[in-house]
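# Structural overview for review
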Amino acid sequence: MKKRLVAILMVIAVLALAACGGGGNSTSGDSSGSTSGGDAAATGENVHLDSLKLQFVPSRPAEEIITQTSGLPDLLIAELANHGYDVDEITIEVSSSFEAAGEALSAGSIDLAWLPSGTYIVYSDETEVILTATRAGLSNDSDNPADWNGIENKTLRDGPQVSYYKGLIYAGPSPKGQELAAKVNNGEELTWDDLASAKWCVGKSVTSNAGYSFPTKWLMDRYGKKLTDLPNLTQDDYAGSFMKAAAEQVDVIVCYADGRTDYEEDWNTPTDQTTSKGAGYGREKEIWEELNVIGVTDNIYNDTIAITKANPDVYNEDFINAFCDSMLAICETPEGKEIISIYTHEGYLRATDADYDAMRVALEAVQE
């Protein structure tokens, strides 16, 4: 009996060793002949990747994004080397729209992208979220639009780190915009006719949370209408929307809750002078006096860093862990903090697809 038991134990031991050896030799679907992350851990050798392609979305002017993120490739190359990956080249691009970034990531023509949560949800079958952004909370988190208005209620980024933000509907300095603002500041409810008689400018991308989908949901919840039901609707990026509002070409615009903070300087810069975003908007009064909040959306889950599922060299547990560890380390440095501040990100947390289930419900309601 003892001999038989020993024989059985020896067989189990041999099978266990074979299983361990098989795991160490796995290439994890690598098609380039590179060593997988598993092999790197076993041999102590770094995995080699020829390149990584990163893409940002145009929530800010493209030139501004490229300039502010120009140091990220070198920082990432150095950190990834510390986490098992030698990358020859990292390139950064700005997509033409939110959807273009989602499509490129889905197709595998880029490896990683900074996507708004709504855009990620649309393309989550072919991509996967790995990090979510944290931001400083704002001095105001009220659901009452009047609480956001006036210089005394200037929006400051002095709150605790939060994983969500709000979208705001703003009435501009045009006569119609001021009419809408006056009603809200007097505690009156806006009617659908009030809003439908105004000229609106919203985001170009229908998956933009603050720029399109959540303002749509705001209208649906209150009036049973969508942005597309508005008779006077145009689309532009945020910079273009603020410029149109300042020029009184439109009455209502939409943006994230600290949008006025980002465009405060531009608002009062003369039109014959430039800022980092382009020509000034030429207003005399402060933006806090002239651009009033008339609506507050539901909380919007923060932006993502998502990875393509189409490239097995990066879509594997080893690389994802290495990239996440690298980005988290970079965010602790002054250079890294400056880079990610382009989107007012202050850090990142590891994320899973399930974190965005509530956002899916909101997006589905918008698309109905």
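Residues numbered from 1 in each chain as written. Predicted model: local features only at pLDDT ≥ 70, side-chain atom pairs only at ≥ 80, totals over all residues. Heavy atoms only, no water.

### Quick notes on the packing of helix 4 (residues 72-82) against helix 14 (residues 317-330)
Running from N to C, helix 4 and helix 14 point in directions that differ by 120°, and their axes come no closer than 9 Å. On the basis of their axis angle, the class for helix 4 and helix 14 is oblique. The way helix 4 lies across helix 14 gives a crossing that is right-handed. Residues L72, L75, L76, E79 and L80 of helix 4 form the contact with helix 14, whose participating residues are F319, A322, F323, S326, M327, A329 and I330. When the residues that make up the contact of helix 4 with helix 14 are grouped by side-chain class, the tally is 10 nonpolar, 1 polar and 1 charged. (Axes fitted to C-alpha atoms, helices over the stretch in contact; angles between N-to-C directions. Helix = DSSP H or I, 4+ residues; strand = E, 2+ residues; numbered from the N terminus. Parallel < 35°, antiparallel > 145°, perpendicular 65-115°, else oblique. Left-handed = near helix turned anticlockwise from the far one by under 90°. Contact = heavy atoms within 4.5 Å. Nonpolar A, V, L, I, M, F, W, Y, C, P; charged D, E, K, R; others polar.)

### Let's talk about the side chain of T119
Checked against the element boundaries, T119 lands in helix 6 (residues 117-122). By relative accessible area, which is 0% here, T119 ends up buried. Those residues in contact with T119 that lie beyond four places of it in its chain are F98 and T207. (Buried < 20%, exposed > 50% of the residue type's maximum accessible area, 1.4 Å probe, protein only.)

### A closer look at the nonpolar core
Most often, soluble globular proteins have nonpolar side chains that are buried together. Counting residues in hydrophobic clusters, the biggest one holds 76 residues, and the most contacted among them are L72, W114, F319, F323 and M327. If you tally residues by element for this core, the top one is helix 14, at 7 residues. Those residues in contact with M327 that sit more than four places away from it in its chain are L72, L76, W114, L131, I305, I340 and Y348. Counting 20 residues, the second-largest nonpolar core is a separate cluster that includes A181, L195, A196 and A198. (Core = buried A, V, L, I, M, F, W, Y, C linked by side-chain atoms within 4.5 Å.)

### Describing the environment of V162
On the secondary structure map, V162 appears in strand 5 (residues 161-162). Judged by relative accessible area, which is 18%, V162 ranks as buried. When the C-alpha atoms of V162 and Y301 are compared, they prove to be 9.5 Å apart, with 139 residues separating the residues in sequence. Apart from the residues lying within four places of it in its own chain, the contact partners of V162 are A133, T134, R135, A136, G137 and N302.

### Here's the deal with the packing of aromatic side chains
Aromatic ring pairs are defined here through the distance separating the ring centres and the angle between the ring planes. Considering all chains together, one arrives at 11 aromatic pairs under this definition. Where Y120 meets Y356, the ring centres are 5.6 Å apart and the plane angle is 65°; that geometry is what we call edge-to-face. Here Y120, found in helix 6, pairs with Y356, found in the loop between strand 14 (347-350) and helix 16 (357-367); they are 236 residues apart in sequence, far enough to count as distant. The same class applies to Y120 and to Y356, which are both buried. Here W218 and Y223 contribute two aromatic rings whose centre-to-centre distance is 6.1 Å and whose plane-to-plane angle is 65°, an arrangement assigned as edge-to-face. Judged by relative accessible area, which is 5%, W218 ranks as buried. (Phe/Tyr/Trp six-rings, centres within 6.5 Å; stacked < 30°, edge-to-face > 60°.)

### Focus: the layout of surface pockets
Its boundaries defined by the atoms lining it, the largest pocket holds a volume of some 230 Å³. Lining of the largest pocket is provided by 14 residues; of these, P145, E189, W218, R222 and I294 occupy positions nearest its centre. Broken down by secondary-structure element, the contributors of at least two residues to the lining of the largest pocket are helix 9 (209-223) and strand 12 (292-301). When grouped by side-chain class, the residues that make up the lining of the largest pocket number 7 nonpolar, 3 polar and 4 charged. (1 Å grid on protein atoms, 1.4 Å probe; cavity = no way out; pocket = protein on both sides within 12 Å on 5 of 7 lines; lining within 4 Å. Points joined across faces, edges and corners; volume = space filled by probe spheres on them.)

### Description of a negative patch on the surface
A cluster of like negative charges, contributed by D50, D86, D88 and E89, occupies part of the molecular surface. For the negative patch, the element with the highest residue contribution is strand 2 (residues 85-94), accounting for 3 residues. As for its position among the elements, D88 is in strand 2. (Patch = residues over 30% accessible without salt bridge, like charges linked within 9 Å, V, L, I, M, F, W, Y side chains within 5 Å. Areas by Shrake-Rupley, 256 points an atom, 1.4 Å probe, with all protein chains shown as cover. Salt bridge = Lys/Arg side-chain N within 4 Å of Asp/Glu carboxyl O. Lys, Arg positive; Asp, Glu negative; His and termini not counted. Charge placed at Lys NZ, Arg CZ, Asp CG, Glu CD.)

### Description of the sheet that holds strand 7 (residues 200-202)
As summarised here, the arrangement of the 5 strands in space is 8-7-9-6-12, forming an open sheet in which the pairing is mixed. Of all strands in the sheet, those with a lone pairing partner are strand 8 (233-235) and strand 12, marking the two edges. Recorded for the sheet is a direction-independent mean angle of 25° between the axes of neighbouring strands. Direction of pairing for strand 7 relative to strand 8: parallel, over a ladder of 3 bridges. Bridge assignment links V202 to a residue of strand 8, and that residue is Q235. Lying on the sheet, helix 9 is in contact with strand 6 (164-171), strand 7, strand 8, strand 9 (252-256) and strand 12; it crosses strand 12 at an angle near 105°. (Pairing = 2+ DSSP bridges.)

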